[in-house]
Amino acid sequence: MADWYTLGVAFFAAIGTFLFGFDTGIATTTIAHQSWIDYMDHPSNGLTGAVVAVYIAGEAVGALGQTFIGDRLGRIRFMQLLCVIVTIGTAIQTASVSIGMFLAGRLLAGIAVGAMVATVPIYLSEISAPDQRGLIGGISGCGIAFGTMVSNWVGFACSYATYGPVQWRLPLGIQIPWGIIMFAGLATFMPASPRQLLRGGRIEEARYEFARVRRDLQAHEVQSEFALMRAQIEFEMAREITSYREIFRLFGRRAMVSIVAQTMTSLTGINVIQYYQTTLYKSLGIPQQTILALAGVYGTVAFVANCITTRYLTDQWGRRKMILAGLTGIIATSIYSAVMQHVFQSSDNRVGKGFAVLGIYLYVAWYYAMINSTTWLYGAEVLPIALRSKVMGLAAAGHFIVNVAVTEAGPSAFANIGENYYYVFVGCTVVFLVIAYLYFPETRRKTLEEIARAFGDKVVLVDEALVEREHAALVKGDEEDGSTKVVQAEST
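Note that the structure is a prediction, hence the values are computed from the model and not measured.

Peer 1: Which parts of the structure should I look at to understand empty space enclosed by the protein?
Peer 2: The rolling of a water-molecule-sized probe over the atoms marks out the regions of remaining empty space. Counted by the stated rule, this structure contains seven cavities of 30 Å³ or more. Taken as a whole, the largest cavity encloses approximately 210 Å³ of empty space. Around the largest cavity, the lining comprises 17 residues; the ones closest to its centre are F20, I144, N271, Q274 and H399. Residue assignment for the lining of the largest cavity shows that the elements contributing at least two residues are α1 (4–30), α6 (133–158), α14 (270–283), α18 (350–381) and α19 (388–408). When the residues that make up the lining of the largest cavity are grouped by side-chain class, the tally is eight nonpolar, eight polar and one charged. Of the voids in this model, the second largest cavity is the one considered here, and its volume is about 110 Å³.

Peer 1: I keep staring at helix α11 (residues 219–238) and nothing clicks. Help me out?
Peer 2: The periodicity of an α-helix, 3.6 residues per turn, causes residues three or four positions apart to be oriented the same way. Over its 20 residues, α11 extends 28 Å from the first C-alpha to the last, a length consistent with the 28 Å expected when each residue adds 1.5 Å. Every buried residue of α11 is accounted for by V222, Q223, E225, F226, A227, L228, M229, R230, A231, Q232, I233 and E236.

Peer 1: Before we go on, may I ask you to explain the packing of aromatic side chains in this structure?
Peer 2: Two aromatic rings, taken as a pair, are described by how far apart their centres are and by the angle between their planes. Counted under the stated rule, the structure contains 16 aromatic pairs. Seen in terms of ring centroids, F20 and F400 are 6.0 Å apart; in terms of plane orientation they differ by 50 degrees. Their pairing is tilted. Taken together, the positions of F20 in helix α1 and F400 in helix α19 put the pair 380 residues apart, joining distant regions of the chain. You'll find F20 and F400 in the same group, each marked buried. Site record: aromatic cluster; members linked through ring pairs are F18, F22, F146, W178 and F303. When the ring centre of Y55 is taken as reference, the NZ or CZ atom of R106 above it lies at 4.1 Å.

Thresholds, definitions, all that
- Residues numbered from 1 in each chain as written.
- Predicted model: local features only at pLDDT ≥ 70, side-chain atom pairs only at ≥ 80, totals over all residues.
- Heavy atoms only, no water.
- 1 Å grid on protein atoms, 1.4 Å probe; cavity = no way out; pocket = protein on both sides within 12 Å on 5 of 7 lines; lining within 4 Å.
- Points joined across faces, edges and corners; volume = space filled by probe spheres on them.
- Helix = DSSP H or I, 4+ residues; strand = E, 2+ residues; numbered from the N terminus.
- Nonpolar A, V, L, I, M, F, W, Y, C, P; charged D, E, K, R; others polar.
- Expected span 1.5 Å × (residues − 1).
- Buried < 20%, exposed > 50% of the residue type's maximum accessible area, 1.4 Å probe, protein only.
- Phe/Tyr/Trp six-rings, centres within 6.5 Å; stacked < 30°, edge-to-face > 60°.
- Lys NZ or Arg CZ within 6 Å of the ring centre and 35° of its normal.

Pasting the structure below:
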C-alpha cells in the first residue's frame, strides 16, 4: 500500500480530472433545464449543440497546448496555470448573462481540463513507485469517474429546485473552488517530478524530490534506483529528438501505443452512451424524473467499479490483461445492450426494459473497471521522458477529436439506425482488441525507465560507480544539512 503522503498528492492531483468529469457531465443537465433555455433566450439547436462542441474543441486545444508548453513550464507550474484558467472558465459559465458568454466560459474550461486530464496521469506516473503506479496513477481515472457521478446526482437534485437561474447556476458554481484548492496544494506540499527536474539538469533538486516521494525505499535502494533513472534519462537526452517525424521513426511503436490507447477508447462508444444515456432511457418509455435518477446510478456504478479495480487489480493483474479483458467485455455488453433495446424498445414489458437498462450498466461498469484509468495511465507510462508531454498531448487531442465525431453523429445515428449504432462500436472495439493483443506489452511493476526494454529500446545498465556517485552526493547533502543546523544552533 502506498504511503499517505503519496496518496494525498494523488488525491489532490485528481482534482484536475474530477473537474474534467464534472464539467463534462453537468452540461447535459444544464442545457436540459427550461430555466436555462428561457434565460438564454431560446438558443437554436446549433447554439445548444455548441455547448458540447465548443467544450470538446477546447479540450483538444488544451491537449495540443500541452505538447508545446508542458515541458517548458514543468508539471507543477503548468498545472497551476491550468487551475487559474479553469477557475476563470467556470466562473464565467456561472455568471453568464448570454449564450455567447456561456460558450466563452465553456471554451476556457475545456482548454484547461483537456490539458489537465493529459498532464495528471503523466505527473502521477513520474512520482509513484513501480509496484504502486497502477494505484497512484489510476486515481486520476477515478477522479474522472467521481466527477461524472457527482455531476449526475447534482443534476438530479437540482431538478427539484424552484424554476429559475439557481437550477443551473448552482451546479456550475460548485466547480469554482476546486481549481483554487488544487492550486494551493500545488504551491505547498505537492512535489515536483524528479524526472522532469533531471531533464532540466537540476540534479540536486531531483535527488531531494525523489527521496521525498520514494519513502518506501531504504537509503541504498534510493541511491540505486535514482542512479538508474538518472543514467537512462541522460542517455535519452543525449539522443533527444524534437521533430515529430523523428519521434515516429525512432519511437514509432511507443508513440503508436500511447495514441491508440487514448484514441480508440472514444471508439468503444463510452462517450456516446454517457452523453445520450438519457435519450436511450427515454426511448424505453421511462419517466423524466426516473431518467435523472438512473443517470445518477450510472455515475455511481462507474465510480465504484473504477475504484475497486484501481485498488485491487491494476498493480496485481497488470495493464495488458486488463485492457484485453476490458475490450472483450465491452464487445459482449455492447451486443447485449443492442439486442435488449431492439427487443424491448417498443414493448410494454417492464421487466424487459429493466434488462435493457441493465445492459447500459453492465457496459459502463466493465468500461470503468478495466479501461478508464488503465488507458490514461498506460498511455503515459509507455513513453520516454523526452516524449511524454508531446505524444501524450497528441494522444489526448486524438481522443477528444474522435469524441467530437462520434458524439455529433449520435442523435442522427440513433434516429436512423437506432440500437444498431452499437455495432459500429463493436467493430471498432474488435480492431482495438487485435491491435492491443499484438502490440501492447505489459508494464506492471517496471520502472518507467525499464519499460523501454519491453519495446526493444536500450536500457542503461548501472554499475557500482554510478551508485557510489549517488551515495557520495547523498552523504555530502546530509553533511551540508547538518553543518547548516549547527551554525543555526550556535547563532541562536
